[in-house]
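Inside the fold
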Amino acid sequence: MEHTEPHSTEPEMANRQGAAQRPNGAQGKICQFKLVLLGESAVGKSSLVLRFVKGQFHEYQESTIGAAFLTQTVCLDDTTVKFEIWDTAGQERYHSLAPMYYRGAQAAIVVYDITNQDTFGRAKTWVKELQRQASPTIVIALAGNKQDLANKRMVEYEEAQTYAEENGLLFMETSAKTALNVNDIFLAIAKKLPKYDQNQGQSGQGQGRRLAEGDQGAKTPGNCCK
Amino acid sequence: MAQTMYSKIDEYGFERPANFDYEVHAEFMGKYMHILVRRAQRWSTLKGKNKFTRSSKLKRFIRKGIPLDFRASVWLQVSGAQKLKEDSVWNYSDLKKKITNPSLIDIIKIDLPRTFPDNINFIGQEQLTGQMFNVLAAFAHQNSEVGYCQGLNYITGMLLLATRNEEASFWLLKVLVEKILPKYSVTNMSGLLIDLDVLDDLVRKLDVDIHKHIHKIGMPWAMVTTKWFICLFTEVLPTETVFRIWDCIFYEGSKIIFRVGLTLIKLHKAEILRTKELSELITCFKEMRNHKDIIDCHQFMIHIFQIPGRITDSDLKNLRTKYSKAQNQR
């Protein structure tokens, strides 16, 4: 398994990769995707986003009420992928609000806590719901978070991997605390998303919106292609 | 309060936001200190056994802000929490002894260190977090329809900061959730879903341009307003503004939430219409707390009774009935 640097505080991983792969002035596609995070309360959804977007980790992350929204950009070859990340509340009763968040999402990360078997069960429920209700082309990744607490593990790696394979999901164990696989899981999703050049104009379902070059997020600090 | 004007921590122990405008705040506080002194004098003229019973005079006083020293007792009186306590067949300390449900204890304990981790009164302070646990667990134990709902931790934390009294906080939480607010916190959050539709309706009536723009960008109201309903603006607006809002909620009820929400939206009309995409719109809502008309909580509390126009209890009741039917048909 690929490891990113533990305790990395560098936020612009996209910058590093992008600079290497896309010299200034190179022509490339820019795609924007909506990604939603789902999973039981306190499994680390907001922490994964905070690590990915800002390179930070808080031991005690406030519980998310409603939904949070952040953006981050990654570069893949000649394509800039801008994620619009919708981070949701985990407690079961907030479930009734979830459909308005995953509606139209092209990607989802379903998160569980490897030290808590119940959260894995809940993750499976989310996957089922997405398969039934979300866009049929949605790319789903399963993240077994809190890998830094592997000594308290209650969900075996193989068990989750088998489940992911059976359901066609991307799968990684992650740690928002040490940064393990956090960038990687987003990159893996970016690779799997269809990045068509949309000259026809009409945006197809499950397909990133192609942005006009001038439209690219000057406001996004992580934008790699400036 | 004067010495905290330029402090990075507000008078209730919360860290101020990174982009906090100290100049605007200092200017406001210079003015507000006089108002607070004046209000404290006016409140001290209220005399007699029935000084906090409901009356148009008391309502007017409350809209202008309850002084800190009176806040807990006024909230208890005017909200009906005191009556709830007196009429109850059990008392709070007996109730606490009955907290045994292990799964409930676990979910509440997970949220304790996650509640106000930036507030110096809570981080590592066992006394307040212990009290918060007691209030939340006792409440959940006696109300199985609600149990524990994330968000109640923030309300309880704020109640403890305002009253510095565990038992008062319990009865105030109970009266809020069970009498004052609709069914926001129950297991299907039905009251929240209805009020999100009611808000959408009221925004459309208040300003059709704003309504159109929000829908064009495609922001679900729930995204930014769930905290309005569930946490009653905690951590959405500056702490002093939140307590001023709560003063009115305890007296006048949940329609105050709509008054505040609509005022926030209307005051930011230009900024909202300027946004071109979802991230900008969300940032606009997040930044509202730094607007000088909102930092000036005294003026803001005048605005909320003017800007949204007339909203009566029966208007609200009719809208809730309408959207409750719509929810059932979905």
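Criteria and cut-off values
- Residues numbered from 1 in each chain as written.
- Chains lettered and ligands numbered in written order.
- Predicted model: local features only at pLDDT ≥ 70, side-chain atom pairs only at ≥ 80, totals over all residues.
- Heavy atoms only, no water.
- UniProt positions renumbered as here; feature names shortened; annotations may be inferred.
- Helix = DSSP H or I, 4+ residues; strand = E, 2+ residues; numbered from the N terminus.
- Buried < 20%, exposed > 50% of the residue type's maximum accessible area, 1.4 Å probe, protein only.
- Contact = heavy atoms within 4.5 Å.
- Areas by Shrake-Rupley, 256 points an atom, 1.4 Å probe, with all protein chains shown as cover.
- Phe/Tyr/Trp six-rings, centres within 6.5 Å; stacked < 30°, edge-to-face > 60°.
- Lys NZ or Arg CZ within 6 Å of the ring centre and 35° of its normal.
- Pairing = 2+ DSSP bridges.
- Salt bridge = Lys/Arg side-chain N within 4 Å of Asp/Glu carboxyl O.
- Buried area = accessible area lost by both parts, 1.4 Å probe.
- Polar contact = N/O pair within 3.5 Å; in protein donor to acceptor, adjacent residues only side chain to side chain.
- Axes fitted to C-alpha atoms, helices over the stretch in contact; angles between N-to-C directions.
- Parallel < 35°, antiparallel > 145°, perpendicular 65-115°, else oblique.
- Left-handed = near helix turned anticlockwise from the far one by under 90°.
- Nonpolar A, V, L, I, M, F, W, Y, C, P; charged D, E, K, R; others polar.
- Expected span 1.5 Å × (residues − 1).

Chain B has the name Growth hormone-regulated TBC protein 1 in an unreviewed UniProt entry, where Henosepilachna vigintioctopunctata is given as its organism. Reading the Function (unreviewed entry) entry of the UniProt record for chain B gives the comment "May act as a GTPase-activating protein for Rab family protein(s)."

Looking up chain A in an unreviewed UniProt entry gives the name small monomeric GTPase, with the organism given as Henosepilachna vigintioctopunctata. What the UniProt record of chain A gives under Subcellular location (unreviewed entry) is the line "Early endosome". Its UniProt record gives chain A a comment under Catalytic activity (unreviewed entry), which states: "GTP + H2O = GDP + phosphate + H(+)".

1. A look at the overall build of chain B
Along the backbone of chain B there are 19 helices and zero strands. For chain B, the spread of C-alpha atoms along the principal axes amounts to about 55 × 55 × 40 Å. For chain B, buried positions account for 58% of its 330 residues. Expressed as a percentage of contacts within chain B between residues at least 6 apart in sequence, the contacts between residues at least 24 apart total 73%.

2. Let's talk about the overall build of chain A
Regarding its fold elements, chain A presents six helices and seven strands. Secondary structure of chain A in N-to-C order comes out as α-β-α-β-β-α-β-α-β-α-β-α-β. Counting over 226 residues, chain A shows a buried share of 58%. Contacts spanning at least 24 positions in sequence make up 75% of the contacts within chain A whose residues lie at least 6 apart. In the form shown here, chain A has an accessible surface area of approximately 9,700 Å², with 47% of it arising from carbon and sulfur atoms.

3. Some words on the packing of aromatic side chains
Enumeration over the complete set of coordinates arrives at 30 aromatic pairs over all chains. The ring of A:Y163 is capped by A:K124, whose NZ or CZ atom sits 5.4 Å from the centre of that ring. Its guanidinium or amino end placed over the ring of B:Y251, B:R54 lies 4.0 Å from that ring's centre, counting from NZ or CZ.

4. A closer look at the pairing of strand β2 (residues 67-76) of chain A
Residues and elements named next belong to chain A. Taken across its 10 residues, β2 has eight buried, putting it largely inside the fold. With 10 bridges connecting them, β2 and strand β3 (residues 79-88) associate as antiparallel partners. Bridge pairing links A67 to T88 in β3. Between β2 and β3, which pair antiparallel in sequence order, lie two residues; one of them, D77, sits at a positive phi of approximately 45°.

5. Overview of the pattern of salt bridges
All names here are of chain B. This structure, assessed with the given rule, holds 26 salt bridges over all chains. Its salt-bridge partner being K83, residue D87 comes within 2.6 Å of it at the nearest N-O pair. With D87 and K83 both in helix α4 (residues 81-87) and four residues apart, the pair spans about one turn of that helix. Two residues, R320 and D195, come together in a salt bridge whose shortest N-O distance is 2.8 Å. Taken together, the residues R320 in helix α19 (residues 313-329) and D195 in helix α10 (residues 190-206) connect sequence positions 125 residues apart. What makes D195 buried here is its relative accessible area of 1%. If you follow the salt bridges from partner to partner, you end up with D201, R204, K205 and K322 in one network.

6. Side note on the interface of chain A and chain B
Counting residues at the interface gives 23 residues for chain A and 36 residues for chain B. The largest contributions to the chain A side of the interface with chain B come from A:E62, A:I65 and A:R93, which together make up 29% of the buried area. Joining chain A to chain B, the criterion identifies one salt bridge. Between A:K82 and B:E277 there is a salt bridge, with its nearest N and O atoms 3.6 Å apart. Connecting chain A to chain B are 11 residue pairs in polar contact (both at pLDDT 80 or more). For the side of chain A that touches chain B, the elements supplying multiple residues, two or more each, are β2, β3 and α3 (98-102) of chain A.

7. Examining the packing of helix α6 (residues 102-111) of chain B against helix α7 (residues 126-142) of chain B
All names here are of chain B. The N-to-C vectors of α6 and α7 enclose an angle of 140°; their axes lie 10 Å apart at closest approach. As the angle between them shows, α6 and α7 are arranged oblique. As for the relative orientation of α6 and α7, their crossing is right-handed in sense. Contacts between α6 and α7 pair L104, I105, I108 and K109 from the former with F133, L136, A137, A140 and H141 from the latter. For the contact of α6 with α7, the per-class residue count stands at seven nonpolar, one polar and one charged.

8. A few points about helix α3 (residues 68-79) of chain B
All names here are of chain B. For α3, built from 12 residues, the straight-helix expectation of 16 Å at 1.5 Å per residue is met to within 8% by its first-to-last C-alpha distance of 17 Å. For α3, the complete set of buried residues consists of R71, A72, V74, W75, L76, V78 and S79. Residues of α3 that are buried sit in contact with α1 (22-44), α2 (56-63), α4, α8 (152-163), α9 (166-180) and α13 (239-252). Positive phi appears at G80, one or two residues downstream of α3, with a value of about 90°.

9. A closer look at helix α2 (residues 45-54) of chain A
Residue and element names in this part refer to chain A. Among the 10 residues in α2, nine count as buried, and that is most of the element. All of the buried residues along α2 are K45, S46, S47, L48, V49, L50, R51, F52 and V53. Downstream of α2 by one or two residues, G55 has phi in the positive range, about 70°.

10. Let's talk about the UniProt feature "domain: Rab-GAP TBC" (unreviewed entry) in chain B
UniProt records the feature "domain: Rab-GAP TBC" (unreviewed entry) at residues 65-253 of chain B, using the numbering of this structure. With 69% helix and 0% strand, the stretch residues 65-253 of chain B has end C-alpha atoms that lie 16 Å from each other.

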